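# Examining the three-dimensional arrangement
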Amino acid sequence: MASSLAPQSAQTSLKRTRLLFDTNNNNNDISSTQIIPPLYDRNSSIHKQNIKRRINLHYPSSLTNLAYQGEEDEALNQDNKSSKDSANVRAIRDIRRDALDKLRSGDDNNPTGSYGGNEEGRLVLHREQDLTGSSGNAASSGGDSAMILAGQTTSTTSSTTTKQKGRKIRPGGILTLKEDGSSSSNTNIPTPKWHAPWKLSTVISSHLGWVRSIAFDPTNTLFATGGGDRVIKIFDLAKSCVAAPDALKITLTGHISPVRGLAFSDRHPYLFSAGEDKMIKCWDLETNQVIRHYHGHLSGIFALKLHPTLDLLVTGGRDAVARVWDMRTKHQIHCLGGHDNTVGAILTKGTDPQIITGSYDSTIKLWDLAAGKCMTTLTHHKKSVRALAQPEFENSFISGAADNVKKWVGSDGRFIKNFSGHKGVINALAVNDDGVVLSAADDGTMNFWDYSSGHCFQQTTTVAQPGSLDAENGIFACEFDLTGTRLITCEADKSIKIWKEDEKASEMSHPIDMAKWRKKCIAEAKRRY
């Protein structure tokens, strides 16, 4: 050994290479021996190299990781306590501080992010957050860490270190780099499901006023529409899809104001209708006559739904309450009051909460049907809630307003996500079993969404029929049939439009724009709702 790390002294033990013991007197009295920390000389290059070799074996040697640890040291203000730490701890902290200074100044001349001149025979460990590239060594290693053996150099590590200059490295998670490498995010970007685009198939012109409501029968052979001409028309679905002249089965008259709500019963041959004339009628489809009336609303009725398992009828209207009726006795069971404005949309479920109402006061209320009381009030919307919809495959629901479409947990009303991008006043929502969501607005715009991810895969606008005004390009109601392959919209140009999926479309002809979707997810993650 050319030079010793300990000073030559009579009190130095010859069996050690460092000064571990020293005495306060000249004799070798063991009782007077004092333990002192190992000597550390900042100017000793050999001593520094030995410490750096130990650090490289036990700590990740990336410059950015050492810089992040140096930031932790600064946050904890451990520099004030350095006198109580050992020399090794102080040396490690100095190296971290040097790495942090290099990263801040941009003087990173070591592309591999390591220390020491000779890289031969050294094993470098990289954590998951260092392997930024998704197709680099992280993918080939098959684990959370990758090993670079002696003499190997990787372009992934070099480019990653260069891109990460001047950025704070966050612990945990894989950084998501943009194409230009300008910024990063830990945003979880869901992969949307591919859906075929929808196209117009048939146009039916039968009503003499705005078409305001629609309902399908349980056998999926008929559908009924109600409009501003105060009549209810029942069509054959199969003949309507091919525009047969005999598609219209019957026209029911009895309301004296626009018909705003329709519903077929699953267990009885009944059709229920509600209108702005404050009337709720029960039609017997075997005789095509009204057999029951439900009296109690003080103003026009805007929404009507049947309970899926009980013989109950729920209606809501301009009197700002939702009323629950016994279908057989015609008696009112509950009067659900609490909204400050018109109740414009209703959902019914077989599980709690069994009734969900959306109002023009921008709130959504979840009701306990047994007690007749409100369980939860959702105040996330800023505009009037005009539409509600729920799928069959999961316990959740969506709501539509002029601000955006929101998705909620069905059991307790917890907010899940926003379907942002539809700029119109959303009047109608519909969901099918394939996870396709349609939001239709009063300006004729139609957005098709993937229900699970919230990805908008199609934006289209309905066309007003010849002879109609441009202002009559609105959609008031929409519904998928029970198979989910046909979509019917009720519009302001007095027409009924039937839409279907494009059979010639494929993932190759209509691919998902993942770059646009990724950019939108990152932008929404930075925004507060």
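Residues numbered from 1 in each chain as written. Predicted model: local features only at pLDDT ≥ 70, side-chain atom pairs only at ≥ 80, totals over all residues. Heavy atoms only, no water.

### Some thoughts on the overall build of the protein
Counting its secondary structure elements, the protein contains seven helices and 34 strands. Considering only residue pairs separated by 6 or more positions, the protein has 48% of its internal contacts joining residues 24 or more positions apart. (Helix = DSSP H or I, 4+ residues; strand = E, 2+ residues; numbered from the N terminus. Contact = heavy atoms within 4.5 Å.)

### What about the side chain of Ser273?
Within the secondary structure, Ser273 is located in strand E13 (residues 270-275). Excluding residues that lie within four positions of it along the chain, Ser273 makes contacts with Ile232, His255, Val259, Gly261, Leu262, Met279, Ile280, Lys281, Trp283 and Leu304.

### Considering the sheet that holds strand E32 (residues 475-480)
What the four strands build is an open sheet, ordered E7-E34-E33-E32; its pairing is antiparallel. Each end of this open sheet is capped by a strand with a single partner; those strands are strand E7 (198-205) and E32. Neighbour-to-neighbour, the strand axes of this sheet turn through a mean angle of 25°, independent of strand direction. (Pairing = 2+ DSSP bridges. Axes fitted to C-alpha atoms, helices over the stretch in contact; angles between N-to-C directions.)

### Comments concerning the confidence of the model for the protein
Of the residues in the protein, 67% have a pLDDT of 70 or more, and the chain-wide mean is 78. For residues 1-40, every residue scores under 50 in pLDDT, and the model assigns this stretch 46 contacts once sequence neighbours within four places are set aside. (pLDDT = per-residue confidence, 0-100.)

### A short note on the packing of aromatic side chains
Summed over all chains, the structure comprises 14 aromatic pairs. Between the NZ or CZ atom of Arg260 and the centre of the ring of Phe302, over which it lies, the distance is 4.1 Å. When the ring centre of Tyr360 is taken as reference, the NZ or CZ atom of Arg386 above it lies at 4.7 Å. (Phe/Tyr/Trp six-rings, centres within 6.5 Å; stacked < 30°, edge-to-face > 60°. Lys NZ or Arg CZ within 6 Å of the ring centre and 35° of its normal.)

### A word on the pairing of strand E29 (residues 436-441)
Within E29, six of the six residues are buried, leaving the element largely enclosed by the surrounding structure. Side chains of E29 alternate between two faces, with Val436, Leu438 and Ala440 and Val437, Ser439 and Ala441 buried alike. Judged from the five bridges that link them, strand E28 (residues 426-431) and E29 form a sheet pairing that is antiparallel. Its bridge partner being in E29, Ile426 is matched across the sheet by Ala441. Remark: four residues form the turn of the hairpin made by E28 and E29, two consecutive strands paired antiparallel; Gly435 in that turn has positive phi of roughly 85°. Across five bridges, the pairing between E29 and strand E30 (residues 445-450) is antiparallel. Residue Ser439 lies in a different strand from E30, and its bridge partner there is Asn447. Once E29 ends, the chain turns through three residues before running back antiparallel as E30, passing Gly444 with a positive phi of about 85°. (Buried < 20%, exposed > 50% of the residue type's maximum accessible area, 1.4 Å probe, protein only.)

### Considering unusual backbone geometry
Excluding glycine, residues mostly carry a negative phi; peptide bonds, for their part, are mostly trans. Omega for the bond connecting Asp352 with Pro353 falls within 30 degrees of zero, at -10°, which places this linkage in the cis form. Tracing the chain through its elements places Pro353 in the loop between strand E20 (343-348) and strand E21 (355-359). At Ala243, a position not held by glycine, the phi torsion is positive, near 60°. The phi angle at Lys330 is positive, at roughly 65°, despite the residue not being glycine. Along the chain, the position of Lys330 falls in the loop between strand E18 (321-326) and strand E19 (332-337).

### Quick notes on the pattern of salt bridges
Summed over the entire model, instances satisfying the criterion amount to 13 salt bridges. One salt bridge connects Asp412 with Arg414, and the closest N-O pair in it is separated by 2.7 Å. Its relative accessible area of 33% is what places Asp412 among the partly exposed residues. Shared partners join several salt bridges into a network, and the residues in it are Lys199, Lys500, Asp502 and Glu503. (Salt bridge = Lys/Arg side-chain N within 4 Å of Asp/Glu carboxyl O.)

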